[in-house]
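Letter by letter, the chains look like this.
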Amino acid sequence: MLSFDLHTHSSCSDGELSPEELAREAAERKVSVLALTDHDTSSGTERASAAARKLGVCLVPGIEFSTKWHHNGESFEIHIVGLEIDPRSRMLKAAEQAQRERRTSRILGMAEKLEALGFTGITDYFSGMIDQGGMPTRKHLGQYLESHGAGDYASCFNKYLVRGAPAYCQSSWMSVGEAVDVIHDAGGLAVFAHPLRYQRLTGRMVTALAREFKELGGDGIEVTSCGMGPSDSDRLAELSRSLELYGSMGSDFHDRGSEWRTLGKNLFMPSKAVPIWTAGKIADRISEFFGENNAS
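Let me sum up the structure you'll find in this document.

What counts and what doesn't
Throughout this description, residue numbers start from 1 for each chain and increase along the sequence as written. A pLDDT threshold of at least 70 governs which residues receive local features in this predicted model, and a stricter bar of 80 or more applies before side-chain atom pairs are shown or counted, although totals over entire chains, interfaces and linings include all residues. Excluded from the side-chain calculations are hydrogens and water; all other atoms, namely the structure's heavy atoms, are used. Side-chain atoms within 4.5 Å link the members of a nonpolar core, which is a set of buried Ala, Val, Leu, Ile, Met, Phe, Trp, Tyr and Cys residues. Only protein chains enter the accessibility calculation, which uses a 1.4 Å probe. A residue is then buried if its area is under 20% of the maximum for its type, exposed if over 50%, and partly exposed in between. We count a stretch as a helix when DSSP gives it H or I for four or more residues in a row; a strand needs E for two or more, and each element gets its number in order from the N terminus. As used in this structure description, the phrase polar contact means that two N or O atoms lie within 3.5 Å; if the pair is within protein, one of them must be able to donate a hydrogen and the other to accept it, and residues adjacent in sequence are counted only when both atoms belong to side chains. Contacts are assigned to residue pairs with any non-hydrogen atoms lying within 4.5 Å of each other. Stacked, tilted and edge-to-face are the three classes applied to pairs of Phe, Tyr and Trp rings, where Trp contributes its six-membered ring and a pair requires centres within 6.5 Å; stacked means planes under 30 degrees apart, edge-to-face means over 60, and tilted covers the rest. The arc in question is traced by the directions running from the helix axis to the C-beta atoms. A pair of sulfur atoms, both from cysteines and within 2.5 Å, is called a disulfide here. The term salt bridge refers to a pairing of a side-chain nitrogen on Lys or Arg with a carboxyl oxygen on Asp or Glu at a separation within 4 Å.

**Digging into the nonpolar core**
Across soluble globular proteins, nonpolar side chains show a tendency to be buried alongside one another. Ranked by size, the top nonpolar core spans 55 residues in total, and within it F65, I78, L83, F192, L201 and W277 carry the most contacts. Core analysis: the second largest hydrophobic core is formed by 17 residues, I122, F157, Y160 and C169 among them.

**Quick notes on the side chain of S13**
Structurally, S13 can be placed in the loop between β1 (4-8) and α1 (19-28). A distance of 3.4 Å separates a polar atom in the side chain of S13 from a polar atom in the side chain of D14. Polar contacts involving the side chain of S13 include one to the main-chain amide nitrogen of H39, which spans 3.4 Å. If we skip the residues at most four places from it in the chain, S13 touches D38, H39, T41 and H140.

**Quick notes on the packing of aromatic side chains**
Note on aromatic pairs: each is described by the distance of the centres and the angle between the planes. If you walk through the whole model with that rule in mind, you get 10 aromatic pairs. Both rings, one in W69 and one in F76, keep their centres 5.8 Å apart while their planes meet at 40°; by these two values the pair is tilted. Both residues of the pair, W69 and F76, belong to the buried class. Considering the side-chain rings of Y125 and F126, the 5.0 Å spacing of their centres and the 85° angle between planes classify their relative orientation as edge-to-face. Each residue in the set Y125, F126 and Y144 is aromatic and connected to the rest through ring pairs, giving one cluster.

**A short note on the environment of T207**
Along the chain, T207 falls in helix α8 (residues 203-215). For T207, a relative accessible area of 23% gives the class partly exposed. For the pair T207 and S240, spaced 33 residues apart in sequence, the C-alpha separation works out to 9.9 Å.

**As for helix α2 (residues 45-54)**
Among all positions of α2, only T45, A48, A51 and A52 are buried. Projection of α2 onto a plane perpendicular to its axis shows the buried side chains occupying an angular sector of 135°, all on one side. Of the exposed residues in α2, those oriented more than 90 degrees away from the buried face are E46 and K54. Packing partners of the buried residues in α2 comprise α1, β2 (33-36) and β3 (58-71). G56 lies just past α2 and shows a positive phi near 80°.

**As for the state of the cysteines**
Evaluation of the coordinates by the stated rule reveals 0 disulfides. C58 supplies the cysteine sulfur nearest to C12, a cysteine that is in no disulfide, at a spacing of 19 Å.

**As for the environment of R102**
Structurally, the position occupied by R102 is in helix α3 (residues 90-116). Expressed as a C-alpha distance, the spacing of R102 and M174, which sit 72 residues apart in the sequence, is 9.3 Å. Sequence-distant contacts of R102, that is, excluding residues within four places in its chain, are made with S172, W173 and M174.

**A few points about the pattern of salt bridges**
Summed over the entire model, instances satisfying the criterion amount to 14 salt bridges. Here R47 and E20 are joined by a salt bridge, their closest N and O atoms 2.9 Å apart. Taken together, the residues R47 in helix α2 and E20 in helix α1 connect sequence positions 27 residues apart. Note on R47: relative accessible area 40%, which makes it partly exposed. What makes E20 partly exposed here is its relative accessible area of 26%. The salt bridge partner of E25 is R256, with a shortest N-O separation of 3.0 Å. Within this pair, whereas E25 is found in helix α1, its partner R256 is found in the loop between β8 (246-250) and α10 (280-292), the two being separated by 231 residues in sequence. Relative accessible area serves as the criterion here: at 5%, E25 is assigned to the buried category. Given the relative accessible area of 51%, R256 is considered exposed. A single salt-bridge network, built from bridges that share partners, covers E25, R29 and R256.

Quick look at the structure:
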């Protein structure tokens, strides 16, 4: 029986493991089908795919776009996963570059605010990282603060980097609809990621967003992720069924130290949801891969 984890990250964004190490981790944890969905970049998919194939793991190329959703006069950061994308897509590459520019501008803005709070040298450090091709995130800022004696990671992040904190900067991400269009142009399926992990969204707002996402052409919704219980998954599966969205699932794995985001752990597809791996090119990839590798 195949096992799936369709939402993971590597060191090409803010994950701990290289794409090759991620593939090895998946093999060790008996994950049959793995999607690499780094933040706003597909740069690690070829490396992960090559490594995964040697280990008998089917790699689905993916991405996770940060987007903005506007609702009742407020804006919310929402993540949209793209699965089975073509990393060579021109529209995808243009979107990745635009997101990179937005991300680096935001991080440098936050670094400048931290400088004003007394953390000298942080702007130069992150400017150097960006010049060398890195794509830092708020996680990297938090880790920097921790390593420079400002406290543990969680307290640093909450004290300086969350909405309303002194170093926080608003983002200017693409819209949800733009992300869906980019993913479709790259031949992929668009998935509403971890719908219950947005602290500012009520249950009714999640439903409203899911409906709007469907109207925009969205294809699926993550009905299971690490840390969710069966009742939450069942509720999301019912939502996916009512909106005719495929059900997806993933750990949102970043590193080995996060107990609630362990690669492949406690992931299951509720019976009410139609699995996204039965759709189109993903189904074709899995059938071809395991046919070639004599797996079941």
